[in-house]
Amino acid sequence: MNGHDRNMFWQGHRQQSTSRIFLSLVLLTVIELVNTTIPCKESCNKTIHKGVKLSKLMKKNTAELIKTYQANEGDFAKQFCKMQNDNVPTSSLSGQTSADHMLNIYTRLKEFQPHIKKVLEQQTDLLPSQSPLLNSLNQTLQRTGHLVHKVTCILQILQPNIPLSEPAARPTGIPLPQNVFQQKVYGCVVLTRLNKFLSRVVDELRSLKGSMCVIREKKELW
């Protein structure tokens, strides 16, 4: 392949990548709009069950995604994931009550969304359009939106008379243009923290599963 052919190849690849990003973001916007308009009509038990199931699936898939990401990035990728990055949301969970925890989960998931989107954009520029890593990142982004909706429904059960307000607008921490090494570090930190946070989400939803719906049913009987 001569120089002209290589340039044509990479130009075509970039065009495909740009189209893929655009379609993914359009799809995500549609999903977010649908999630915000779907009413929460399922029973308490069913809502919690689906939330636990989805968060467990995401925890498992992000763990596999991290392995794929590290394998794709080379020998030192595991060290990338341990590096400090103050711009990425933390994996901690704050609050004292169950409602506090769920509100924090809602807020933190919303904070993670633009970072997952950014990692997808960066990797789309670096990888072939058919890369399994891109597909996994796209799925993670979409499922995060679905989990936000499940958490919204749980909050409506916990606080039926309190409208859910959007988190206060603040800087997302999305990094400025980065070189390839910085992108590798950033992507791995985002995925690692998301996976750790999902572990806490699973634990929190499991704790609600055995108590929240029982209390709600008793109140309805009263």
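A quick note: this is a predicted structure, and the numbers were derived from the prediction, not measured. (Residues numbered from 1 in each chain as written. Predicted model: local features only at pLDDT ≥ 70, side-chain atom pairs only at ≥ 80, totals over all residues. Heavy atoms only, no water.)

Draft legend 1. How the structure looks around helix H2 (residues 44–73). Helix length check: H2 (30 residues) gives 43 Å between terminal C-alpha atoms against 44 Å at 1.5 Å per residue, within 8%. Two residues or fewer after H2 comes Gly74, characterised by a positive phi angle close to 115°. (Helix = DSSP H or I, 4+ residues; strand = E, 2+ residues; numbered from the N terminus. Expected span 1.5 Å × (residues − 1).)

Draft legend 2. Spotlight on the state of the cysteines. Taken as a whole and judged by the stated rule, the model has two disulfides. In this model Cys40 forms its disulfide with Cys153; the gap between the sulfur atoms is 2.1 Å. Where Cys40 bonds to Cys153 through sulfur, the torsion about that S-S bond is close to -75°, and the disulfide is left-handed. Taken as a pair, Cys40 in the loop between helix H1 (3–37) and H2 and Cys153 in helix H5 (residues 132–158) lie far apart in primary sequence, 113 residues in all. For Cys81, the disulfide goes to Cys188, at an S-S distance of 1.6 Å. Residue Cys81 is found in the loop between helix H3 (77–80) and helix H4 (98–126), and its partner Cys188 is found in helix H6 (residues 180–209); the two are separated by 107 residues along the sequence. A residue is classified by how much of its surface remains accessible, and Cys81, at 12% relative accessible area, is buried. A residue is classified by how much of its surface remains accessible, and Cys188, at 1% relative accessible area, is buried. (Disulfide = S-S within 2.5 Å. Buried < 20%, exposed > 50% of the residue type's maximum accessible area, 1.4 Å probe, protein only.)

Read these as geometric descriptors, not functional statements.
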